[in-house]
Amino acid sequence: MSRKIRKAVIPAAGWGTRFLPATKAVPKELLPLYDKPIIQHTVEEAIASGIEEIIIITSPGKSSLEDHFAPHRKLESALKKKGDTELLEKVQRTSRLADIRFVPQNNPRGLGHAVLMAAKEVGDEPFAVFLPDDLFGADPTVIKQMSKVYKKYGGSVLALLKVAPEDISRYGIVKPEEVAKRTYRILDTVEKPETEKAPSRLAIMGRYILTPEIFDALRATKPGKGGEIQLTDGLAILRKKQNLYGYEFEGTYYDAGKPMGLLKTSIAWGLKQPGIGLELREYLYKLLSG
């Protein structure tokens, strides 16, 4: 019987160079998406997925990530004195979201290495990985959808999205064997292939359910370009020992990992907000109609 997915790993140790100079002093994960930083949206998605413990992989110079999820006594006291209970609740909620632990990755060496840093905290149980750059509009959450596949088949599960032919070279692409509706056994993975050489249009998105055997696979993974240990390479080793599955999730994908992507995501997110959606829509209409 498959064990419950209780823990999640959120890699957040990168430099965020695509957003420089904005990320020179502010971690990319703390850039705002409407009224919350990107990483808080990810943490809240993890909680909505049934996650109980969250491990954030961080790096030197990113202490503000820990500060965001810690109580801020002076600010809370000031809001209490002002009688601003609504803002006070929002501030206090960030430190009460979940059991969050921080693990340092002193020298970022790729996504696979970041996941490996969480081995001690995760232990010998299955876990989820949430990449904060990738955001989703999905109900139930993508991980909840993937959990059904994990419970039925066992083995690790990757979130998949069918991408346009012109976008294939931007993603890791899988060679799939369909086993059920929207569900595939993964026969191979190819990192950023040329369109004409790609085995499918199914791309790996930033949500994973991984078995603990991934840690031994990552320890056996040789560093690739730039000395980085890639999760895709670790999964290729794991696939030789256990079946690897993919699920083509139902929902909308948002790429917040680059400036234009975050701008588009912010607009899409804002249009869905009850308080400002209509006003934003009217503003955009006036802006575009000149």
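Residues numbered from 1 in each chain as written. Predicted model: local features only at pLDDT ≥ 70, side-chain atom pairs only at ≥ 80, totals over all residues. Heavy atoms only, no water.

Colleague: Break down the packing of aromatic side chains for me, citing the residues and quoting the values.
Modeller: Applying the stated criterion across every chain yields a total of five aromatic pairs. Geometrically, the ring pair formed by Phe 136 and Tyr 253 is tilted, given 5.6 Å between the ring centres and 45° between the ring planes. Of this pair, Phe 136 sits in strand 7 (residues 134–137) while Tyr 253 sits in strand 13 (residues 252–255), placing them 117 residues apart in sequence. Residue class for Phe 136 comes out buried when judged on its relative accessible area of 9%. Take Tyr 253: its relative accessible area is 18%, and that puts it in the buried class. For the pair Tyr 254 and Trp 269, a centre-to-centre distance of 5.2 Å together with 70° between the ring planes defines the contact as edge-to-face. With Tyr 254 in strand 13 and Trp 269 in helix 10 (residues 259–271), the pair connects residues that are 15 residues apart, well separated along the chain. (Phe/Tyr/Trp six-rings, centres within 6.5 Å; stacked < 30°, edge-to-face > 60°. Helix = DSSP H or I, 4+ residues; strand = E, 2+ residues; numbered from the N terminus. Buried < 20%, exposed > 50% of the residue type's maximum accessible area, 1.4 Å probe, protein only.)

Colleague: Requested: an account of the pairing of strand 10 (residues 183–191), with residues and values cited.
Modeller: Bridging between strand 9 (residues 172–180) and strand 10 involves eight bridges; their strand directions are antiparallel. Bridged to Ile 173 within strand 10 is Val 190. Sheet topology note: the strand 10/strand 12 (residues 244–248) ladder contains three bridges and is antiparallel. Its bridge partner being in strand 12, Thr 183 is matched across the sheet by Tyr 247. (Pairing = 2+ DSSP bridges.)

Colleague: Which residues make up the pattern of salt bridges, and what values do they have?
Modeller: What the rule picks out here adds up to 22 salt bridges. Note that Arg 239 and Asp 188 form a salt bridge whose closest N and O atoms lie 3.5 Å from each other. Residue Arg 239 is located in helix 9 (residues 231–239), and its partner Asp 188 is located in strand 10; the two are separated by 51 residues in the primary sequence. Exposure remark for Asp 188: the relative accessible area of 31% places this residue in the partly exposed category. The salt bridge partner of Arg 219 is Asp 216, with a shortest N-O separation of 2.8 Å. With Arg 219 and Asp 216 both in helix 8 (residues 214–219), this residue pair falls three residues apart, about one helical turn. In this structure Arg 219 comes out as exposed when scored by relative accessible area, which is 53%. One network of salt bridges, in which partners are shared, links Lys 4, Arg 6, Lys 7, Glu 52, Glu 53, Asp 99, Arg 101, Glu 121 and Glu 125. (Salt bridge = Lys/Arg side-chain N within 4 Å of Asp/Glu carboxyl O.)

Colleague: Describe a nonpolar patch on the surface, naming the residues involved and giving the relevant values.
Modeller: On the surface, Met 260, Leu 263 and Ile 267 cluster together to form a nonpolar patch covering roughly 270 Å² of accessible area. Examined against the element boundaries, Leu 263 turns out to sit in helix 10. On the basis of relative accessible area, Leu 263 is assigned to the partly exposed category, the value being 47%. (Patch = residues over 30% accessible without salt bridge, like charges linked within 9 Å, V, L, I, M, F, W, Y side chains within 5 Å. Areas by Shrake-Rupley, 256 points an atom, 1.4 Å probe, with all protein chains shown as cover.)

Colleague: Describe the side chain of Lys 62, with residues and values.
Modeller: Residue position: Lys 62 is located in the loop between strand 4 (53–58) and helix 2 (63–68). Non-local contacts of Lys 62, meaning those with residues more than four positions away in its chain, are made with Ala 12, Ala 13, Gly 14, Pro 27 and Glu 29. (Contact = heavy atoms within 4.5 Å.)

Colleague: I'd like a rundown of helix 10, residues and numbers included.
Modeller: Taking 1.5 Å of rise per residue, 13 residues should cover 18 Å, and helix 10 covers 19 Å from first to last C-alpha, within 8% of that figure. For helix 10, the complete set of buried residues consists of Gly 261, Leu 262, Thr 265, Trp 269 and Gly 270. Burial along helix 10 is one-sided: seen end-on, the buried residues are contained in an arc of 160°. Against strand 2 (32–33), helix 1 (38–48), strand 7, strand 13 and helix 11 (277–289) lie the buried residues of helix 10. (Expected span 1.5 Å × (residues − 1). Arc of directions from axis to C-beta.)

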